[in-house]
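What the coordinates show
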Amino acid sequence: MAYDHKKVEKKWQQYWQDHDSFKTTEDPNKKNYYALDMFPYPSGQGLHVGHPEGYTATDITARMKRMQGFNVLHPMGWDAFGLPAEQYALDTGHDPAEFTQENINNFKRQINSLGFSYDWDREINTTDPNFYKWTQWTFEQMYKKGLAYESEELVNWSPDLGTVVANEEVIDGKTERGGFPVYRKPMKQWMLKITAYADRLLDDLDLIDWPENVKDMQRNWIGRSEGAQITFDVADSDLKFDIFTTRPDTLFGVTYAVMSPEHKLVNQITTPAQNAMVDAYVKQAEMKSDLERTDLAKEKTGVFTGAYAINPATGERIPIWLSDYVLSSYGTGAIMAVPAHDTRDYEFAKKFGIDIQPVIEGGDISQAAYTGDGVHINSQFLDGLGKDEAIARMLDWLTDKGIGEKKVNYKMRDWLFSRQRYWGEPIPIIHWEDGTTGLVPEDQLPLKLPKMTDIKPSGTGESPLANDLDWVNVVDKNGRKGKRETNTMPQWAGSSWYYLRYVDPHNDAKLADYKKLQQWLPVDLYIGGAEHAVRHLLYVRFWHKFLYDIGVVPTVEPFQKLYNQGMVLGDNHEKMSKSKGNVVNPDDVVEEYGADTLRMYEMFMGPLDASIPWSEKGLAGSRRFLDRVWRLLVDDDDNLRADKLTDKVGGPLKKAYHQTVKTVTEDYEQLRFNVAISQLMVFINDAYKEDTLPRDYVEGFILLLAPIAPHMMEELWQKLGHDESLTYAPWPTYDPNALVDDQVDIVLQVNGKRRGVATVSRELGKDELEKIALTNENVEKFIAGKDVKKVIVVPGKIVNVVAK
RNA sequence: GCGGGCGUGGCGGAAUGGUAGACGCGCAAGAUUAAGGAUCUUGUGAGCAUUAUUGCUCAUGGAAGUUCGAAUCUUCUCGCCCGCACCA
């Protein structure tokens, strides 16, 4: 009888549920291990075969750690607020809450069908008021510290979505969701002051074990740059403006200044003669979406304001231009232009015929800007100096004169935290009629999202919540009237701290108990997709550091080790998508091959972080291996092949077994599952050649394979006579002495090429090995007629004869 | 343009300075004739030589280098992927 995956998988899933097998233990005598998945957004599509790749990796780790005697926290939950559900609800007339619940039920069914060892008592859901109470609470703490503030900002407005989106949600000038154009528009919005943590977010990357590319992306996003802020006077007026530059040493080469079209001073400095042109340029810039602005970046545009500034170094008058190559959102929104030594300024100066004044030797300014290092010229007190020295000297000079100072700037901007949509956490703020703004008192949290029938975005920049007057209008105990904030939080809010709630999910009094957090944090292993490298993972680190500062969490970083699983591609090597018709549904795989096969195949495909095409043949191969394991131990009548088992240990499988325990344990630890599986296959291939199998080895093997294929291994474990689940069976150990043979193969080389092999005693010394090599028939052939210059002997491994 | 990564059989991939191609897929041969994606054993980078155990040559995108020895380290170069992109 062939292995019946449907029966066996159902049986053990039921067993685990009935026995609370995966309930988190909190034994003070054990060490703790926190294995975390990026919780999913429960979409209407259901689980994708990409989801189980990361989930299986953490599940294997969690299962191994349990067997190794750790308390293991391995939870799952739902990132259930967000645009897609709301969009779907709008399109179909569904209630997003109901629709989301259906999706969650489906996701949970699918996840359970794959045999993941989650502790469902700790399930969380970001849309549950008992959860978002603490999202709101954290927002209030930020507000009290001045880190959550309301501000008129130039924001990314998406008319198609009817909401603003954060900078991080704009990809190539379009919204991440839907790919809609984005316009810069001034709007009053809630912001979180993530920039206050810029340096710590940057520096603490050194403390964590994350992929280098993710760290680099974060460094890049934070974009710290050191330079100077310098004040320029506007000629013939009392006005001044600041610029930021990383090259204060080139101040003598400044021949003009540029302000962004949105700069505050534009109206005040523009001369009447230039007014019409400036006006037209500013309007035009306003109309363009970000995408159009960057698309047109090939050709610089700009307009002269008619005004002049004074170069503080030379005292000369320099024209002030306007151009959208200067961004209002970076630095001071104005620059000093050094066309001789900056490629952008060079292009602009060439186009508009502005003076180009070299101040560093090297390059040819008739051809291109010279941005390299060199000796300064035409720069009075900087003449003769190199770049670094000149920068230092100039900073001193600026500071002395009181017209400039050293300054650090960041590309990262504050986090736009409000959305004009319904399906999100309400921001717990009340705007009072006397013009003040206050928090919803903590004892009134959670501030629940009201049920509404019409949740269409107004399109005017107001949230649909504004229409629910019963909810919006409030009166305090003194009769003062107020209106609730109607913007909601972005989807990233709940995911910025959810991993903390798993630690203490039912706590009514606190976000989570500090002592419990001390026991579990930081998360030991966090696995998810690379698409969250900057956004989610930067927000989380910011929230965590804030919560650390106010004494809620005990660690400065949330996730000690992060790993990005790759993508599962379609069998045509392309990203799976409905339109390409290459989507594989995990339900179908579980039905046909079983969960163990799916888990095993996804781990065997290749390295966990690689993106690899799906192969039905490969999937079948994984099933074949599991069948092979089954048949090795179970006969056609579904009975254990007891006659094959022996209580003796040792024999021909001894070395292979110990090697397997060692390799598999180490490979699991390093998430090298594909290699671990190949070693398990080697052992089974060896075992097939033997008539008898030591029972110890068979049991050890079953435990090693159990994290990957838990259902079948539980069944085999039971057949071997165990009446309890193997969940807490002790992890196999190996004897290092069993790994070394008395006899080893020594490779014999001549000039680095393999010319023979000799099987000798492991302890054989250098001299004997050299002698064996030199007397080897084939080696002799290759050194005949040559001088032996040197013989390199690596005992136990190799002998290389160098002959010329 | 800048930053990061990758390039190994027909395919997915092993090997992180010491026998290149573990393991799997595919393919082939043999055994077997179980009804279902069969199973078991063996072989399988290319080429040459050999009755043969076997030996030799070439081979990790390309070129050069370091080294007794390089898929692995260095430089250049080509190609692909990811991220950022007028950030002053």
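Quick notes on the rules
Residues numbered from 1 in each chain as written. Chains lettered and ligands numbered in written order. Predicted model: local features only at pLDDT ≥ 70, side-chain atom pairs only at ≥ 80, totals over all residues. Heavy atoms only, no water. Helix = DSSP H or I, 4+ residues; strand = E, 2+ residues; numbered from the N terminus. Contact = heavy atoms within 4.5 Å. Lys, Arg positive; Asp, Glu negative; His and termini not counted. Charge placed at Lys NZ, Arg CZ, Asp CG, Glu CD. Phe/Tyr/Trp six-rings, centres within 6.5 Å; stacked < 30°, edge-to-face > 60°. Buried < 20%, exposed > 50% of the residue type's maximum accessible area, 1.4 Å probe, protein only. Pairing = 2+ DSSP bridges. Axes fitted to C-alpha atoms, helices over the stretch in contact; angles between N-to-C directions. UniProt positions renumbered as here; feature names shortened; annotations may be inferred. Salt bridge = Lys/Arg side-chain N within 4 Å of Asp/Glu carboxyl O. Polar contact = N/O pair within 3.5 Å; in protein donor to acceptor, adjacent residues only side chain to side chain. Near = heavy atom within 4 Å. Arc of directions from axis to C-beta. Parallel < 35°, antiparallel > 145°, perpendicular 65-115°, else oblique. Nonpolar A, V, L, I, M, F, W, Y, C, P; charged D, E, K, R; others polar. Core = buried A, V, L, I, M, F, W, Y, C linked by side-chain atoms within 4.5 Å. Patch = residues over 30% accessible without salt bridge, like charges linked within 9 Å, V, L, I, M, F, W, Y side chains within 5 Å. Areas by Shrake-Rupley, 256 points an atom, 1.4 Å probe, with all protein chains shown as cover.

Regarding the overall build of chain A
Regarding its fold elements, chain A presents 26 helices and 31 strands. Over its C-alpha atoms, taken along the principal directions, chain A stretches across nearly 100 × 90 × 50 Å. Pairs at least 24 residues apart make up 71% of the contacts formed inside chain A by residues separated by at least 6 positions. For chain A, the distance from the average site of its 94 positive side-chain charges to the average site of its 122 negative ones is 2 Å.

Focus: the packing of aromatic side chains
Going through the model one piece at a time under the given rule, you end up with 46 aromatic pairs. Pairing W78 with W120 gives two aromatic rings, centres 6.1 Å apart and planes at 10°, and the pair type is stacked. A residue pair is termed long-range when its members are at least 10 positions apart, and W78 in strand β3 (residues 77-78) and W120 in the loop between α4 (96-113) and β4 (124-125) qualify at 42 residues. Just as W78 is buried, W120 falls in that class too. Ring centres 5.8 Å apart and planes at 55° place the aromatic pair F116 and Y118 in the tilted group. An identical accessibility class is assigned to F116 and Y118; each is buried. The rings of F139, Y143, W190, Y197, W415, F417, W492, Y539, F542 and W543 are connected pair by pair, giving a single aromatic cluster.

What to know about the sheet that holds strand β30 (residues 788-794)
Taken in spatial order, the four strands line up as β29-β28-β31-β30 in an open sheet, and their pairing is mixed. Edge strands, defined here as strands with exactly one partner in the open sheet, are β29 (753-761) and β30. Shown here is a sheet whose adjacent strand axes are inclined to one another by a mean of 20°, direction ignored. Looking at chain direction, strand β28 (residues 743-750) and β29 are connected through eight bridges and run antiparallel. Counterpart to Q749 in the pairing with β29 is R754.

As for the UniProt feature "domain: Aminoacyl-tRNA synthetase class Ia" (unreviewed entry) in chain A
In the UniProt entry, the feature "domain: Aminoacyl-tRNA synthetase class Ia" (unreviewed entry) is given for residues 411-601. Along residues 411-601 one finds 25% helix and 14% strand; the C-alpha atoms at either end are 42 Å apart.

Concerning the pattern of salt bridges
For the structure shown, the criterion picks out 40 salt bridges. Among the ionic pairs, E557 bridges to R541, the shortest N-O distance being 2.8 Å. In this pair, E557 sits in the loop between α17 (535-549) and β23 (562-565) while R541 sits in helix α17, placing the two residues 16 residues apart along the sequence. Each member of the pair, E557 together with R541, is buried. Here the residues in one salt-bridge network are D199, R224, E226 and K406, joined through shared partners.

Examining the side chain of Q420
Here Q420 shows up in the loop between β17 (415-416) and β18 (429-432). A polar side-chain atom of Q420 sits 3.1 Å from a polar atom in the side chain of Q189.

Observations concerning unusual backbone geometry
Note the cis peptide between L445 and P446, where omega equals 0°. Looking along the chain, the bond that leaves L521 and enters P522 is cis, with omega of -5°.

Observations regarding the pairing of strand β10 (residues 225-234)
Counting buried positions over the ten residues of β10 gives seven, a clear majority of the element. Relative to strand β16 (residues 404-409), β10 runs antiparallel, the two being bridged by six bridges. Counted as the bridge partner of I230 is G404 from β16. Two strands pair when backbone bridges link them, and β10 and strand β11 (residues 240-245) are joined in this way by six bridges, in the antiparallel orientation.

Describing the protein's contact with RNA strand B
Around RNA strand B, a shell composed of 53 residues is seen, among which T246, Y330, R344, E592 and N800 lie nearest. The contact atoms of RNA strand B, taken as those within 4 Å of the protein, divide so that sugar and phosphate hold 69%. In this structure, R628 approaches RNA strand B through a side-chain N or O atom, which is 2.8 Å from a phosphate oxygen. Side-chain polar atom of N674 to a phosphate oxygen of RNA strand B: 3.2 Å apart, as the coordinates give it.

Re the pairing of β18
Pairing of β18 with strand β19 (residues 437-439) involves three bridges; the strand directions are antiparallel. Looking across to β19, one finds that I430 is bridged to G438. Here β18 hands over to β19 after four residues, with G435 in that stretch at a positive phi of 95°. Relative to strand β21 (residues 481-484), β18 runs antiparallel, the two being bridged by three bridges. Residue pairing for β21: H431 is matched across the bridge by K483.

Regarding helix α7 (residues 212-222)
If you check which residues of α7 are buried, you get V214, K215, Q218 and I222. Buried residues along α7 cover an arc of 100° about the axis, so they all sit on one side. If you follow the buried residues of α7, they end up packed against α6 (198-203), α17 and β23.

Digging into the packing of helix α20 (residues 616-633) against helix α24 (residues 710-719)
Closest axis-to-axis distance for the α20/α24 pair is 11 Å, and the angle between their directions is 5°. When the interaxial angle is binned, α20 and α24 end up roughly parallel. Where α20 approaches α24, its residues L626, D627, V629, W630 and L633 are matched on the opposing element by M712, M713, E715, L716 and K719. Considered class by class, the residues forming the contact of α20 with α24 number seven nonpolar, no polar and three charged.

Digging into the sheet that holds strand β9 (residues 183-192)
With antiparallel pairing, the four strands of this open sheet are ordered in space as β6-β5-β9-β17. At either end of the open sheet lies a strand with only one pairing partner, and these are β6 (163-165) and β17. Where strand β5 (residues 148-158) and β9 come together, ten bridges link them in antiparallel fashion. Each residue of the ladder has a partner; that of L154, found in β9, is P186. Here helix α5 (residues 129-144) sits on the sheet in contact with β5 and β9, set at roughly 95° to β9.

Remarks on the nonpolar core
Of all hydrophobic cores here, the largest spans 113 residues; its most connected members are Y34, W415, Y498, Y499 and W614. Looking at this core element by element, the count peaks at eight residues for α17. In contact with Y34, other than residues within four places in its own chain, are L73, P75, Y499, Y502, V503, W520, L521, V523, D524 and L525. Counting 64 residues, the second largest nonpolar core, distinct from the first, contains I527, A656, L680 and L726.

Comments concerning the environment of N125
Summarising the element assignment, N125 is placed in strand β4. A relative accessible area of 13% places N125 in the buried class. Between the C-alpha atoms of N125 and G494, which are 369 residues apart in sequence, the distance is 8.8 Å. In this view, N125 contacts W78, A80, Q101, I104 and F131; residues no more than four positions away in its chain are not counted.

With respect to a negative patch on the surface
On the surface, D571, D588, E592 and E616 cluster together to form a negatively charged patch. Tracing the backbone through its elements, the reader meets E616 in helix α20. With relative accessibility at 41%, the residue E616 sits in the partly exposed group.

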